[in-house]
Amino acid sequence: MAQGQSFPDLTVLAEHLRNELQQHRYILLYAYNGTGKTRLSREFNRLGKQFNEEDDVVSGDTLYFNAFTEDLFSWDNDLDNDERRTLELNAKSRFFAGLGEFEIANRVQSLLNYFADFTIDVDLKYRAPGKDDEKPMLDEGRVSFSREILVKEDDGSDRSETIEHIKVSRGEENIFIWCFFLAIVEVALDPDLDAYDWVKYIYIDDPISSLDEQNAVKVATHLAMLLKQAHQSHASGERTSAPPGVVISTHHPLFHNVLWNELKKHSRRYFLSRDLSTDDYLIRNTEATPFFHHIATLAELYERGGSGNLDTYHFNSLRAVAEKTASFLGYNSFSDCIKRNADDFDGVLHTRLLNLLSHGGYSVYEPTEMVEDNKRVFRAMLHAFIRDYAFSRQHFPGLPTSEPEDNQEAVTK
């Protein structure tokens with residue numbers, strides 16, 4: 001893996017990403033929660049803002065989605081009557097300015113139909129733009145949700161009934177807000193509409209924090225399709241200007257990987273982290289490295305085994321991967337992934353050795369090199385594990401189809 005680049009603060013990193021988007025259409029960032037993804041998206045957005053003499057924002061160049069976007073919607077649960085629950089839109093935000101002319105409800109409902117089974121009713125009222133506003137500002141706005149259910153009649157037949165003003169689940173609410181944002185993105189990318197021609201960049205931070213894996217794949221696939229269509233429109237001449245540059249950051253590995261597979265031809269892919277010794281922000285290019293952590297760990301162990309640079313704590317790493325594999329496959333113990341049959345002598349031996357050699361309390365901070373016999377044992381175990389579970393060979397070049405005699409001897413003596 002590349003060593004990466006370090007940045008003293010988020011402002012410098014945001015400037016770097018803006019420069020990168022002059023060369024690449026998309027930047028995909030993966031980072032753990034708490035690293036600073038949301039603050040980075042706000043800093044990226046801030047760099048594109050213009051201010052008047054009163055220090056009020058008069059223009060920007062970034063359409064962005066993050067946790068603050070979700071906070072623009074809040075529930076009115078009708079505590080007095082408990083009947084008409086609505087999701088209220090924050091009228092102070094410029095996010096909703098000028099949407100009234102784009103039949104936004106139809107656009108959002110069309111997108112929602114990909115993900116959910118409820119219907120929305122959007123009520124938006126606009127006031128005239130102020131002295132610094134180019135578009136009418138939202139005066140008040142609310143959304144109500146309804147769902148059709150089937151009711152069983154006395155004669156056994158089914159009758160359709162619509163339940164109005166329902167309170168949707170947190171996941172459904174997130175999907176609705178995401179679709180609301182996507183509807184605005186569609187307007188921004190439409191070559192026949194100029195209402196969002198100020199958008200030079202789109203920054204999306206963690207849009208699926210509460211979604212299950214099926215919806216995570218659907219959201220990623222649909223988003224990639226939308227972005228690629230904009231570039232196809234530009235290539236065909238339907239759109240005169242290049243589509244906005246896009247940054248997408250997430251802590252969700254599956255969402256990140258689906259986007260990478262869809263957009264990698266024109267993307268840069270980075271792992272964002274903090275250097276605790278300097279407090280710098282680090283980005284590492286992960287394009288040539290398998291992203292799923294268990295595969296990355298196996299690939300690193302395989303590379304270490306080939307070079308002979310093996311330390312005792314690598315037995316712990318191999319056991320950790322075996323334990324996760326056992327959990328994923330529904331076995332009770334990692335040994336079930338090593339010992340395939342009751343009379344599998346090599347498997348029994350590997351299990352026993354891995355159990356013993358991973359219990360040494362080996363520390364990654366005080367590495368101790370393995371003795372040569374243990375290195376051969378380790379390679380035999382690792383190779384058998386990779387072969388047995390048919391991991392993609394592209395991550396393990398030169399993997400032998402069977403174990404060399406010296407490795408076998410090391411295991412059996």
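Predicted, not measured: the structure shown is a model, and the values here were computed from it.

How each quantity is defined
Residues numbered from 1 in each chain as written. Predicted model: local features only at pLDDT ≥ 70, side-chain atom pairs only at ≥ 80, totals over all residues. Heavy atoms only, no water. Phe/Tyr/Trp six-rings, centres within 6.5 Å; stacked < 30°, edge-to-face > 60°. Helix = DSSP H or I, 4+ residues; strand = E, 2+ residues; numbered from the N terminus. Buried < 20%, exposed > 50% of the residue type's maximum accessible area, 1.4 Å probe, protein only. Lys NZ or Arg CZ within 6 Å of the ring centre and 35° of its normal. pLDDT = per-residue confidence, 0-100. Patch = residues over 30% accessible without salt bridge, like charges linked within 9 Å, V, L, I, M, F, W, Y side chains within 5 Å. Areas by Shrake-Rupley, 256 points an atom, 1.4 Å probe, with all protein chains shown as cover. Salt bridge = Lys/Arg side-chain N within 4 Å of Asp/Glu carboxyl O. Core = buried A, V, L, I, M, F, W, Y, C linked by side-chain atoms within 4.5 Å. Contact = heavy atoms within 4.5 Å. Pairing = 2+ DSSP bridges. Axes fitted to C-alpha atoms, helices over the stretch in contact; angles between N-to-C directions. Arc of directions from axis to C-beta.

Here we take up the packing of aromatic side chains. Given two aromatic rings, one states the distance between the centres and the angle between the planes to describe the pair. Under the criterion given, the structure shown has 25 aromatic pairs. For the ring pair Phe 73 and Phe 180, a centre distance of 5.5 Å and an interplane angle of 70° mean the geometry is edge-to-face. Of this pair, Phe 73 sits in strand β6 (residues 73-76) while Phe 180 sits in helix α5 (residues 170-189), and the two are 107 residues apart along the sequence. Each of the two residues, Phe 73 as well as Phe 180, counts as buried. Here the basic side chain of Arg 18 rests over the ring of Phe 44, its NZ or CZ set 4.4 Å away from the ring centre.

Our focus in this paragraph is the confidence of the model for the chain. Per-residue confidence for the chain gives a mean pLDDT of 84; residues scoring 70 or more make up 88%. Per-element averaging of pLDDT across the chain places helix α13 (residues 405-412) at the bottom with 52 and helix α1 (residues 10-20) at the top with 97.

A separate point is a nonpolar patch on the surface. Taken together, Phe 328, Leu 329 and Tyr 331 make up a surface patch of nonpolar side chains, about 350 Å² in accessible area. With respect to the helices and strands, Phe 328 occurs in helix α9 (residues 314-329). Here Phe 328 falls in the exposed class, since its relative accessible area comes to 74%.

For soluble globular proteins, the rule of thumb is that nonpolar side chains tend to be buried together. Counting 63 residues, the largest nonpolar core has Phe 145, Phe 176 and Phe 180 as its most contacted members. Of all the elements, α5 adds the most residues to this core, at 14 residues. When residues no more than four places from it in sequence are discounted, the contact partners of Phe 145 are Trp 75, Leu 87, Phe 118, Thr 119, Ile 120, Ile 163, Glu 164, His 165, Ile 166, Val 168 and Phe 176.

Okay, unusual backbone geometry next. Unlike most non-glycine residues, Asp 82 shows phi in positive territory, near 55°. Assignment of secondary structure puts Asp 82 in the loop between β6 and β7 (86-89). Take Asp 82: its relative accessible area is 48%, and that puts it in the partly exposed class. In this structure, Asp 206 takes a positive phi of about 45° despite not being glycine. Here Asp 206 falls in the buried class, since its relative accessible area comes to 11%.

Covered by surrounding structure in β6 are Phe 73 and Trp 75 only, the residues Ser 74 and Asp 76 on the alternate face being uncovered. Pairing of β6 with β7, which is carried by four bridges, proceeds in the antiparallel orientation. In the sheet register, Asp 76 faces β7, and the bridge partner there is Thr 86.

Looking now at the pattern of salt bridges. Per the stated rule, a full pass over the model turns up 23 salt bridges. Arg 85 is the salt-bridge partner of Asp 82, the closest N and O atoms lying 3.0 Å from each other. Linking Glu 323 and Arg 319 is a salt bridge whose minimum nitrogen-to-oxygen distance equals 2.9 Å. Of the two residues, Glu 323 and Arg 319 are both situated in helix α9; the distance of four residues between them amounts to about one turn of the helix. The exposure class of Glu 323 is partly exposed, given its relative accessible area of 37%. A relative accessible area of 15% means that Arg 319 is categorised as buried. Here the salt bridges do not stand alone but share partners, grouping Glu 88, Glu 140 and Arg 142 into one network.

Ordered by their spatial adjacency, seven strands build an open sheet running β1-β14-β13-β2-β12-β11-β5, and the pairing between neighbours is mixed. Only two strands of the sheet have a single neighbouring strand rather than two, namely β1 (5-7) and β5 (62-65). Strand-to-strand twist of the sheet, defined as the mean angle between neighbouring strand axes without regard to direction, takes the value 20°. Examined bridge by bridge, β1 and strand β14 (residues 280-285) share three bridges and lie antiparallel to one another. Looking at the pairing, Phe 7 lines up with Tyr 281 of β14. Each of β2 (26-30), β12 (245-250) and β13 (267-275) touches helix α7 (residues 253-263); the most contacted strand, β2, lies at about 155° to it.

A separate point is helix α4 (residues 104-112). Of the positions making up α4, those classed as buried are Ile 104, Val 108, Gln 109, Leu 111 and Leu 112. Down the axis of α4, the buried side of the element spans an arc of 160°, and every buried residue falls inside it.

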